[in-house]
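A structural walkthrough
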Amino acid sequence: MSANSWTIAAARDALRKGEISATDLTMACLTAIDAGDALGAFVHKTPEIALDQARAADARLRAGDAPSMCGIPLGIKDLFATRGVPSQAASNILGGFKPEYESTVTTKLFDAGAVMLGKLNMDEFAMGSSNETSCYGNAVNPWKVDGRKLTPGGSSGGSAAAVAGDLCLAATGTDTGGSIRQPAAFTGIVGIKPTYGRVSRWGIVAFASSLDQAGPMTKTVRDAAIFLQAMAGHDPKDSTSADLPVPDFEAALTGDIRGKKIGLPREYRMDGMPAEIDKLWADGAAMLKDAGAEIVDISLPHTKYALPAYYVIAPAEASSNLARYDGVRYGHRAKLAQGDGITEMYEKTRAEGFGKEVQRRVMIGTYVLSAGFYDAYYNRARKVRALIKRDFELAFAAGVDAILTPATPSAAFGLGEMSSADPIEMYLNDVFTVTVNLAGLPGISVPVGLDKQGLPLGLQLIGRPWEEGDLLNHAYVLERAAGFVAKPAKWW
Amino acid sequence: MLDISYEAPRPKIIAGATGDWELVIGMEIHAQVASNAKLFSGASTQVGAEPNSNVAFVDAAMPGMLPVINEFCVEQAVRSGLGLKAQINLRSAFDRKNYFYPDLPQGYQISQLYHPIVGEGEVLVEMGPGVARHVRIERIHLEQDAGKSIHDMDPNMSFVDFNRTGVALMEIVSRPDIRGPEEAAAYVAKLRQILRYLGTCDGNMQNGNLRADVNVSVCRPGDYERYQATQDFSHLGTRCEIKNMNSLRFIQAAIEYEARRQIAILEDGGKVDQETRLYDPDKGETRSMRSKEEAHDYRYFPCPDLLPLEIEQAWVDEIAASMPELPDAKKARFMADFGLTDYDANVLTAELDNAAFFEAVAQGRDGKQAANWIINELFGRLNKEGKSVTESPLSPAQIGGVLDLIASGEITTKMAKDLFEILWTEGGNPAEVAAARGMKQVTDTGAIERALDELIAANPDQVEKAKVNAKLAGWFTGQVLKATGGKANPAVVNQMVAQKLGL
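Residues numbered from 1 in each chain as written. Chains lettered and ligands numbered in written order. Predicted model: local features only at pLDDT ≥ 70, side-chain atom pairs only at ≥ 80, totals over all residues. Heavy atoms only, no water.

1. Some points on the overall build of chain A
The following threshold applies: Strands here mean DSSP runs of E at least two residues long; helices mean DSSP runs of H or I at least four residues long; both are numbered from the N terminus. The classification of residues rests on relative accessible area computed with a 1.4 Å probe and restricted to protein chains. Under 20% of the type maximum is buried, over 50% is exposed, and intermediate values are partly exposed. By the convention used here, residues are in contact when the closest approach between their heavy atoms is within 4.5 Å. Every accessible area reported is derived by Shrake-Rupley at a probe size of 1.4 Å, with residue values counting cover from the shown protein chains alone. When charges are counted, Lys and Arg are positive and Asp and Glu negative, with His and the chain ends excluded. All charge positions are set by atom: Lys at NZ, Arg at CZ, Asp at CG, Glu at CD.
Helix and strand counts for chain A come out as 15 helices and 11 strands. With the principal axes as the frame, chain A shows a C-alpha extent of 70 × 55 × 50 Å. The proportion of buried residues among the 492 residues of chain A is 65%. Sequence-distant contacts in chain A: of pairs separated by 6 or more residues, those separated by 24 or more amount to 77%. When the accessible surface of chain A is totalled, it reaches about 16800 Å², and 53% of it is carbon and sulfur. Looking at charge distribution, chain A has the averaged site of its 50 positive side-chain charges lying 1 Å from that of its 55 negative ones.

2. So, the overall build of chain B
Spelled out, the test is: Here the globule rule is a power law, 2.2 Å times the number of residues to the power 0.38, and the radius of gyration is based on C-alpha atoms.
Of the regular secondary structure elements, chain B holds 16 helices and 16 strands. Over its C-alpha atoms chain B spans a radius of gyration of 30 Å, topping by over 25% the 23 Å that the globule rule assigns to 503 residues. Once the C-alpha set of chain B is aligned to its principal axes, its extents read approximately 95 × 55 × 55 Å. Here chain B holds 503 residues, and 51% of them are scored as buried. Sequence separation of at least 24 residues holds for 70% of the intrachain contacts in chain B that already meet a minimum separation of 6. For chain B, the exposed surface amounts to about 23000 Å²; the carbon and sulfur share of it is 49%. Side chains of chain B give 52 positive and 71 negative charges; the mean places of these two sets differ by 4 Å.

3. What about the UniProt feature "active site" (unreviewed entry) in chain A?
Residue and element names in this part refer to chain A. We count it as follows: UniProt positions are given in the numbering used here, feature names are shortened, and annotations may be inferred rather than shown by experiment.
Residues given the UniProt feature "active site" (unreviewed entry) here are Lys77, Ser155 and Ser179. Across 103 residues in sequence, these annotated residues keep their C-alpha atoms within 11.3 Å of one another, forming a single compact spot. Note on placement: lysine 77 falls in strand E2 (residues 73-77). Given the relative accessible area of 0%, lysine 77 is considered buried.

4. Let's talk about the pairing of strand E13 (residues 275-280) of chain B
Remember that side chains alternate between the two faces of the sheet whenever the strand is regular. All names here are of chain B. Here is the rule we go by: Pairing between strands is defined by DSSP: at least two bridges between the two strands are required.
For E13, a buried count of 5 out of 6 residues is recorded, marking the element as mostly surrounded by other parts of the structure. Both strand E12 (residues 240-245) and E13 contribute to a ladder of 3 bridges, which runs parallel. Note on E13: the bridge partner recorded for cysteine 240 is glutamate 275. In terms of strand pairing, E13 meets strand E14 (residues 285-291) through 6 bridges, oriented antiparallel. Bridged to leucine 278 within E14 is arginine 287.

5. Notes on the sheet that holds strand E15 (residues 301-302) of chain B
Stated formally: Helix axes are fitted only over the stretch in contact, all axes being lines through C-alpha atoms; the angle between N-to-C directions runs from 0 to 180 degrees.
Spatial ordering of the open sheet is given by E5-E4-E15 (chain B), a layout of 3 strands whose pairing is antiparallel. At either end of the open sheet lies a strand with only one pairing partner, and these are strand E5 (108-111) and E15 of chain B. Both strand E4 (residues 95-98) of chain B and E5(B) contribute to a ladder of 4 bridges, which runs antiparallel. The residue of E5(B) that forms the bridge with B:Asn98 is B:Tyr108. Contacts between helix H9 (residues 306-321) of chain A and the sheet are confined to E4, E5 and E15 of chain B, with E4(B) contributing the most and set at about 60 degrees to the helix.

6. Description of the interface of chain B and chain A
Heads up, the condition is: A simple way to read buried area is as the amount of 1.4 Å-probe accessible surface that goes missing from two parts once joined, with both sides added. One side-chain nitrogen of Lys or Arg within 4 Å of one carboxyl oxygen of Asp or Glu is enough to make a salt bridge. For this classification, Asp, Glu, Lys and Arg are treated as charged, while Ala, Val, Leu, Ile, Met, Phe, Trp, Tyr, Cys and Pro are nonpolar and the rest, including Gly, are polar.
In this assembly, 31 residues from chain B lie in contact with 39 residues from chain A. Both faces combined, the contact of chain B with chain A buries some 2900 Å², and carbon together with sulfur accounts for 60% of it. For the interface between chain B and chain A, the tally reads 1 salt bridge. Residues A:Arg201 and B:Asp305 are paired through a salt bridge, measuring 3.1 Å at the closest nitrogen-oxygen approach. Elements supplying a minimum of two residues to the side of chain B that touches chain A: E4 and E15 of chain B. Within the side of chain B that touches chain A, the residues separate by chemical class into 23 nonpolar, 4 polar and 4 charged.

7. Comments concerning the domain arrangement of chain B
Cut-off, in case you're wondering: In this document the domain limits rely on a domain assignment from an automatic tool or a database.
The domain architecture assigned to chain B consists of domain 1 (5-301), domain 2 (326-436) and domain 3 (445-501). Taking the mean C-alpha position of each, domain 1 of chain B and domain 3 of chain B sit 63 Å from one another.

8. Considering the packing of aromatic side chains
Operational definition: Any pair of Phe, Tyr and Trp rings, taking the six-membered ring for Trp, is counted once the centres come within 6.5 Å. Such a pair is stacked with planes under 30 degrees apart, edge-to-face with planes over 60 apart, and tilted for the rest.
With the rule as written, the count across this model stands at 32 aromatic pairs over all chains. Plain terms: the ring middles of B:Trp475 and B:Phe476 are 5.0 Å apart, the flat faces sit at 90 degrees to each other, and that makes the pair edge-to-face. Given a relative accessible area of 30%, B:Trp475 falls into the partly exposed group. Relative accessible area serves as the criterion here: at 1%, B:Phe476 is assigned to the buried category. Through a chain of ring-to-ring contacts, three or more aromatic side chains come together here, namely A:Phe97, A:Phe125, A:Tyr325, A:Tyr330 and A:Phe354.

9. A word on the nonpolar core
Soluble globular proteins: nonpolar side chains tend toward being buried together. Quick note on the threshold: By nonpolar core is meant a set of buried Ala, Val, Leu, Ile, Met, Phe, Trp, Tyr and Cys residues that side-chain atoms within 4.5 Å join together.
Of all hydrophobic cores here, the largest spans 172 residues; its most connected members are A:Met69, A:Leu109, A:Phe125, A:Phe392 and A:Leu404. Among the elements that line this core, the one with the most residues is H9(A), at 10 residues. The contacts of A:Met69, once residues within four sequence positions are left out, are A:Ile8, A:Leu74, A:Leu109, A:Ala112, A:Gly113, A:Ala114, A:Ile226, A:Phe227 and A:Ala230. Residues B:Ala31, B:Ile263, B:Cys303 and B:Val316 belong to the second largest nonpolar core, which totals 100 residues.

10. Side note on unusual backbone geometry
Residue and element names in this part refer to chain A. A cis amide bond links glycine 154 with the next residue in sequence, serine 155, at an omega value of 5 degrees. Tracing the backbone through its elements, the reader meets serine 155 in the loop between strand E3 (115-120) and helix H5 (157-164). Within the chain, phenylalanine 125 stands out as a residue other than glycine whose phi angle is a positive 55 degrees. Relative to the elements of secondary structure, phenylalanine 125 occurs in the loop between E3 and H5.

11. Focus on the UniProt feature "domain: Amidase" (unreviewed entry) in chain A
As recorded in UniProt, the sites labelled "domain: Amidase" (unreviewed entry) are residues 25-472 of chain A. The span residues 25-472 of chain A is 35% helical and 14% strand by assignment, and the distance between its end C-alpha atoms comes to 27 Å.

What follows is the structure in structure tokens.
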């Protein structure tokens, strides 16, 4: 098995034992990346940086100073600012933008010795569920059915495709309404969105600040634990980052969940939900039960308001966060006609620079915040958000340790399939995941089975705030019980 | 503290063709927080730096950059609130005020609309001895300043300087309690004085360090009292806001103009439109900037990058314990301890440096005399040379030395003025300089008596006149002082004149 398909844990052990060098491991990934252009996962390759970092990692490994992530080749979502490397959030409006700073997450990863292979495709400004809103064109799911190209999901579609296609060992993602968990489920990998405030947002292009969290996308739950450990921690540069110690997540993977209480929220049983998803959910519950957990029905009564609330709050924040892309200081500026003034510069720049979905959300956000509508939309959505959060708090207070739900309402769909659909069809992809962002909770998507077409399906586990260790342990049990080992047939 | 009770000043009345009108004024003061670093970044606030040299990534709104509150700016706002006897809100929050402008890199200003850090307070604005307006403060909130757009450097391009972007401002919002142009100017001056005492704002109006938005409306006599009784604004006229005033003189002129403009409209049977106006100091008029319909929709919402700002009462108490003596208290103390007049106390407490200088001189001396010398001689001389008290060539010790020589009778007031002049230009110890220059007043009554006797003998007419009108005896005193070259002690001469003439 070529090294690019290894897990972080396996590579870590091999690197420490000297069975492979970080340079060779990195070369294996770079080769896979070059052979994997058809996946559209990497939008900017950084082989020179990767090899420099790999050589430095090798030196550390030889010196015996090798944290877990040392020498591990990663893909970095384009949403992260990486110094001197294009960081465009997959948007034309940031055309040519190379930050002079490094995001806190990538800084921590590089300090731990990780290797950056390049920047990964995504939906523009992380707005989308299919990676089709990217200015670079869509990424493609390594899983294929009947020769049909499928979406890897979104917004972290490039990250998911790269990990599932073994172009890298793992990748960073970000999750505002499901952008880590949905693509992870669509591509048969693991993705965790940590508790809001666990990972610094500094240097990550903002979409909806009160919902955005970065997290790892990995091949296994153990890798997620190792990777998250390296990303997490208090950052004084992010006022919303929590000043809490980061526990040893890998050590939490005991595989023992005896006596734990797993809640199945009845409101997540949606009308018209495919029988396969329903069965997968029941299977997952049975697996956890077999492992000694108690399965209980719970109610999260405000669930049905989550999606509309999310699609008010997220666009509202986005409309403000994206105001800075005005052509004045960096990124794209439209060519102006004689006599054009500042208003024309704004209008033309933003019309040219932002794609349709981004423009739609900026307009929705502007609308819901405007005088006369603020209370009816934004304020009401905030109240709904508080109620959703309380639903979870009550469930946890009643003794529930984790909540099990489907990760997505379906398996990966075909690229272009949704292009003519009502945008709301696309938004429905987030139905199981947005509640977690609204409540600020940690959530993880674990591959559990294949549908009848042979496409991966995932289940989501939701944990108590700041209890990612416990959540990962539940996921670990589910992963082992499901024994998901399927890999996409290589076609690229 | 101050236990003087004040009478309210009369509101300014403008006589119109249809009767009298009154003014109602409320103000929003933007005071730059005295701080070395900006509100949400570590960039310097230094004025006059190279354009765009004091700009952190967050100030330039680079992608992914996040604001982090500067604790010192919060402390300054709390201190200002305490100085205005205001409610300090232990929990406040930041909101975004969204609008597009090239000098606003984020596309929003971080401000505090819904939960300001400082609540209701009060400023005492004296309009004369025993007359003062209590102006209620509605709130103080912290917010970011914008950068500067420069449109006159190139015919085809505009430029922006982000050095000021993100500098902390306190917006101090008053209630509509100000009733005339003079009161408005006095209010700004008083606020500036308090902030300067506190060290929370430099108050340099020319630099835009302190700027005012002035809301002006007019109403009929009695309407304001109806508003006060009910707090119902419908009793008041429609207001116009005059933006960005940075001179006390212009504030007065703009209010005066604006009130008359509104009265003219109303008396013509028209209606005042609520709008934002700008004052043009060259033309001496206000003109419309944007109407209510064109007003921005700022789409305020809580800033999701910042958690609510929570501060501890103990910290507020600590700041309160370190508060300096404020202008009202200092003035009262100067009047009580040094016997100063209201006027002198005002002059000497206007600036903290003046007050400190005065106290250093007055300590252990006659306070009234010290005040006279500082106000008349020192300030007069400093003004002539365009110097501030901190640049005074004479130290408090030197002026005190001069006063001591007068008090001990060693020199006359006239000599003291000469000595002051010599010390000003040449420096030195007052007693030594006086001795070296032979400045010593004549207290030898024999010499004075001889001079007086000669005068009485030579001027019988004057003697007669003085006997009829005692005030005219001063002539003899003046002549004796003249004859002795100003070295005679006037008190001694006076006494002798009275005795010799039998007055």
